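Each chain, letter by letter, is given below.
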Amino acid sequence: MSDTQQGGAVATSARPSVDEGLAPAALAEKYGLSVSGARPGLFEYVRELWSRRHFILAFSSAKLTAQYSQAKLGQVWQVATPLLNALVYYLIFGLILGAGQGMSKDVYIPFLVTGIFVFTFTQSSVMAGVRAISGNLGLVRALHFPRASLPISFSLQQLQQLLFSMIVLVAVAVAFGSYPSLRWLLVIPALFLQFVFNVGLAMIMARMGSKTPDLAQLMPFVMRTWMYASGVMFSIPVMLRDKPQWIADILMYNPAAVYMDLIRYALIEGYSSHNLPAHVWATALGWALVFGIGGFVYFWKAEERYGRG
């Protein structure tokens, strides 16, 4: 400090601070400061997600319970909704349009119900993923947590709903002559791979939907097109037997068709391995890894931007 006196008044001037002239980044490094909401490293991000696993599970269960809380039948709609969809599609495609060509009734009805239930799992995960960030901005802006918790939680919610629906699916399979066998155990790895695929796709849609909310209005049309192209209501090889083979190959190897066919093969007695494309398990694993890992990294790269602007 230095003092000067002018006309009886004392003026005091401070010595230059030792921090004067330092850039903001240098100041932050000196005092151990970090940017609020900065994106952590990838492995640190995975560790943070694991530490929030109880929150993810509780959040998905709460969402599932609240989904039909205003309806008188409550959780019954978890099973009734896809079952009613299957009934409508059977009336239109099975009875009127004859989409079950090449299959007996005992095979076609479980074939159709399985397709509806399994495709709905992916469809609902995608639609929930689109709104995962944009529909939960209050939560995103109020609390600090890995944002990937949201699309993972919504996909887990859809998995729980599918597991409830599997009770009806098993009943339908048994009612039409497909009885439990060791092949039914293949449902477990098939559903796991589909879940990983769904989570990755939901993360991709969550990042895109966070910046483009109108995407939620477009996705129902995209999902409807995907459903018709995936053989939910008909056998792709039979329906396209008069078309070039490459068209059928593209449709059969799309991920929705792959996971549906694996679960159909596991549950339906008359649905043999001849109905599956070659290397179907390798294809299912490949789709899961590409979208699961790719979607996670794609979402993580924008972590610090969610809820801002």
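Note that this is a predicted model, so its numbers are computed, not measured.

J.: I'd love a proper account of the overall build of the chain, names of residues and values included.
T.: Scanning the chain for helices and strands turns up 13 helices and 2 strands. Within the chain, the fraction of its 309 residues that count as buried is 45%. For the chain, the share of sequence-separated contacts (at least 6 apart) that also reach a separation of at least 24 residues comes to 76%. Accessible surface, the chain: about 16500 Å² in total, of which carbon and sulfur atoms supply 66%.

J.: Give me the lowdown on a nonpolar patch on the surface, citing residues and values where you can.
T.: Nonpolar side chains collect at one region of the surface, where Leu 84, Leu 87, Val 88, Leu 91, Ile 92, Leu 95, Ile 96 and Leu 97 lie side by side and expose about 760 Å² of accessible area between them. Looking at the element boundaries, Leu 84 is found in helix α4 (residues 77-96).

J.: Quick one: what's the story with unusual backbone geometry, residue by residue and with numbers?
T.: Working note: non-glycine residues mostly have negative phi, and peptide bonds are mostly trans. The phi angle at His 279 is positive, at roughly 55°, despite the residue not being glycine. Relative to the elements of secondary structure, His 279 occurs in the loop between α12 (255-267) and α13 (280-300).

J.: Go over the packing of α4 against helix α7 (residues 149-175), please, and point to the residues and values.
T.: With their axes 9 Å apart at the nearest point, α4 and α7 run at an angle of 65° to one another. In this view, α4 runs roughly perpendicular relative to α7, as classed from their interaxial angle. For the crossing formed where α4 meets α7, the hand is right-handed. For the pair α4 and α7, contact is made by Gln 78, Val 79, Pro 82 and Leu 83 and by Gln 161, Phe 164, Ser 165 and Val 168, respectively. Here the residues of the contact of α4 with α7 sort into 5 nonpolar, 3 polar and no charged.

The rules behind the values
Residues numbered from 1 in each chain as written. Predicted model: local features only at pLDDT ≥ 70, side-chain atom pairs only at ≥ 80, totals over all residues. Heavy atoms only, no water. Helix = DSSP H or I, 4+ residues; strand = E, 2+ residues; numbered from the N terminus. Buried < 20%, exposed > 50% of the residue type's maximum accessible area, 1.4 Å probe, protein only. Contact = heavy atoms within 4.5 Å. Areas by Shrake-Rupley, 256 points an atom, 1.4 Å probe, with all protein chains shown as cover. Patch = residues over 30% accessible without salt bridge, like charges linked within 9 Å, V, L, I, M, F, W, Y side chains within 5 Å. Salt bridge = Lys/Arg side-chain N within 4 Å of Asp/Glu carboxyl O. Axes fitted to C-alpha atoms, helices over the stretch in contact; angles between N-to-C directions. Parallel < 35°, antiparallel > 145°, perpendicular 65-115°, else oblique. Left-handed = near helix turned anticlockwise from the far one by under 90°. Nonpolar A, V, L, I, M, F, W, Y, C, P; charged D, E, K, R; others polar.

Coordinates in, geometry out; function isn't part of it.
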